[in-house]
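Listed below, chain by chain, are the residues.
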Amino acid sequence: MKKARLIPLLLALALLVTGCGSGSSTPSPTPPTQVSPLEEPTANPDTGDGAEGIPEGYDRSREEDKDGEMVDGFVPEATVAQFAGATPILLDPIDMPTGTPRPPLTFTYAAYTATGLGLTFESVAGYTVDESTPNTYVLIEPAEQVKDGYPVTITFTVSPVMASYKSADARRDLLAKVAELGQINYKSWEPTYTAERTLLDRPGYYVNYRGVLLDDTIVRGRVHMALLPGNRLLMIHISYPGWYGDDYIGVFTHIRNTIKSL
């Protein structure tokens, strides 16, 4: 009889031990905290490398792929390569055309000489040249070629800097310039992260941006800066209607590939 009474007690004890064991299982890992896509990672001020770091053995010459340009925040899939120091983001998942796709633009290129800046390059033929501002050379799209009511402008400036100015300082001034641009006539302003890329074979940085003007016109652009020999800071800024990102980044690439010092 005593043994019969012990059996239920042993079974109950076994169930209790089993329940306690299941309750002490390893807890699920806490999901990683997501960083806001507009929060820029901290970069090393001496190298410009992002917080994500540079992979061991990374070949920076890959960044000089002539076709590997970021468009609307990231490198086209056809070029595949992701560049070190660049953390691109998608800016416009809701802005891409949902109706009839717009055909790609075709351009005829011509040589331009900015004598005051000591530069020559090729860009879209037929643009109006404005050299009224010192140390500045501006190309403006003719009225008959304007699309979506927003003329393309391509601005070149060369500014003197102090002898102590370093290439990494261009990154700081680039971010300041992009922030300044977004403060005038825009109701929405979204820059990408900075990315490293040479200009005139000198270390440099660029930022792409997307803005919405007060009249709801979508504008995109790129600002690229690099420190040139002789303590000179070169900036190229292209601004264009937002539905033509691939086309005008292609124009910028052509300028970058053909620009030379006189």
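Residues numbered from 1 in each chain as written. Predicted model: local features only at pLDDT ≥ 70, side-chain atom pairs only at ≥ 80, totals over all residues. Heavy atoms only, no water.

Engineer: Before we go on, may I ask you to explain the side chain of Arg210 in this structure?
Structural biologist: Within the secondary structure, Arg210 sits in strand S8 (residues 204-213). A polar side-chain atom of Arg210 sits 2.8 Å from a polar atom in the side chain of Glu190. (Helix = DSSP H or I, 4+ residues; strand = E, 2+ residues; numbered from the N terminus. Polar contact = N/O pair within 3.5 Å; in protein donor to acceptor, adjacent residues only side chain to side chain.)

Engineer: What exactly am I supposed to notice about the pairing of strand S5 (residues 153-160) here?
Structural biologist: Within a regular strand, side chains alternate between the sheet's two faces. Both strand S4 (residues 136-140) and S5 contribute to a ladder of five bridges, which runs antiparallel. Looking at S5, one finds that Val138 is bridged to Thr155. (Pairing = 2+ DSSP bridges.)

Engineer: How do you make sense of the nonpolar core when you look at a structure like this?
Structural biologist: Ranked by size, the top nonpolar core spans 28 residues in total, and within it Ile154, Phe156, Leu234 and Ile236 carry the most contacts. Element by element, the count of residues in this core is highest for helix H3 (residues 245-258), at five residues. Once residues within four sequence positions are removed from consideration, Ile154 is found in contact with Ser123, Tyr127, Tyr137, Val138, Leu139, Ile236, His237, Ile238, Val251 and Ile255. In this structure, Tyr150, Val178, Tyr205 and Met225 belong to the second largest nonpolar core, which totals 20 residues. (Core = buried A, V, L, I, M, F, W, Y, C linked by side-chain atoms within 4.5 Å. Buried < 20%, exposed > 50% of the residue type's maximum accessible area, 1.4 Å probe, protein only. Contact = heavy atoms within 4.5 Å.)

Engineer: Even after reading the chapter, I still don't get the pairing of strand S9 (residues 218-228), so can you show me in this structure?
Structural biologist: For S9, the buried fraction is high: 11 of the 11 residues fall into the buried class. Alternating positions in S9 separate into two faces, Ile218, Arg220, Arg222, His224, Ala226 and Leu228 on one and Val219, Gly221, Val223, Met225 and Leu227 on the other, with burial throughout. In the sheet, S8 pairs with S9 via nine bridges, with the strands oriented antiparallel. Following the sheet pairing, Gly204 is matched in S9 by Ala226. Counted along the chain from S8 to the antiparallel partner S9, the turn is four residues long, and its residue Asp216 has a positive phi close to 75°.

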